[in-house]
Amino acid sequence: MKEIYMLAGVGVGMIAGIMLYKYCDGAKKIVDQTEKTLMKKAEKMEKQAEKGMEKVEEKVNEVAKKITKKLK
């Protein structure tokens, strides 16, 4: 029975959120600003991850070169 109430609550919450977004300018502005902020942070994190991966690749290549030199 708890599950039914939980699903009903989630459904009502989603409907209320949709209605607020559609008809309330303040709520829509907040959601849009939050989305923009999150996208900027996600892009920043993506760039940092790419830089980190490049550093890791360089180190792996250096280690691979050292190993091949030692094996020869």
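Residues numbered from 1 in each chain as written. Predicted model: local features only at pLDDT ≥ 70, side-chain atom pairs only at ≥ 80, totals over all residues. Heavy atoms only, no water.

### A closer look at the overall build of the protein chain
- Broken down by element type, the protein chain carries two helices and zero strands.
- Its C-alpha radius of gyration of 25 Å places the protein chain more than 25% over the 11 Å reference for a compact globule of 72 residues.
- Structurally, the protein chain occupies a C-alpha span of about 70 × 35 × 10 Å along its principal axes.
- Counting across all 72 residues of the protein chain, residues that qualify as buried make up 1%. (Helix = DSSP H or I, 4+ residues; strand = E, 2+ residues; numbered from the N terminus. Rg over C-alpha atoms; globule rule 2.2 N^0.38 Å. Buried < 20%, exposed > 50% of the residue type's maximum accessible area, 1.4 Å probe, protein only.)

### Structural notes on the environment of E46
- With respect to the helices and strands, the residue E46 is situated in helix α2 (residues 25-71).
- Of the residues examined, E46 reaches a relative accessible area of 47% and is grouped as partly exposed.
- Here the alpha-carbon distance between E46 and K2, two residues 44 residues apart in the chain, equals 40 Å.

### Quick word on a nonpolar patch on the surface
- A grouping of M6, V10, M14, I15, I18, M19 and Y23 is seen on the molecular surface, where their side chains present a nonpolar patch of about 780 Å² in accessible area.
- The residue M6 is located in helix α1 (residues 2-23) in this model. (Patch = residues over 30% accessible without salt bridge, like charges linked within 9 Å, V, L, I, M, F, W, Y side chains within 5 Å. Areas by Shrake-Rupley, 256 points an atom, 1.4 Å probe, with all protein chains shown as cover. Salt bridge = Lys/Arg side-chain N within 4 Å of Asp/Glu carboxyl O.)

### Quick notes on α1
- Spanning 22 residues, α1 covers 31 Å between terminal C-alpha atoms, matching the ideal 32 Å at 1.5 Å per step.
- By the criterion of burial, α1 is predominantly exposed, with just zero of the 22 residues buried. (Expected span 1.5 Å × (residues − 1).)

### A few points about the packing of α1 against α2
- Viewed as axis vectors pointing N to C, α1 and α2 meet at an angle of 100 degrees, and their least axial separation amounts to 5 Å. When the axis of α1 is compared with that of α2, the two are roughly perpendicular. Two secondary-structure elements touch here, α1 through L20, Y21 and Y23 and α2 through D25, A27, K28, V31 and D32. (Axes fitted to C-alpha atoms, helices over the stretch in contact; angles between N-to-C directions. Parallel < 35°, antiparallel > 145°, perpendicular 65-115°, else oblique. Contact = heavy atoms within 4.5 Å.)

### Comments concerning a negative patch on the surface
- On the surface, E43, E46, E50, E54, E57, E58 and E62 cluster together to form a negatively charged patch.
- Mapped onto the secondary structure, E50 falls in helix α2. (Lys, Arg positive; Asp, Glu negative; His and termini not counted. Charge placed at Lys NZ, Arg CZ, Asp CG, Glu CD.)

### Quick notes on a positive patch on the surface
- A cluster of basic residues, K47, K51, K55 and K59, forms a positive patch on the protein surface.
- Turning to its location among the elements, K59 is positioned in helix α2.

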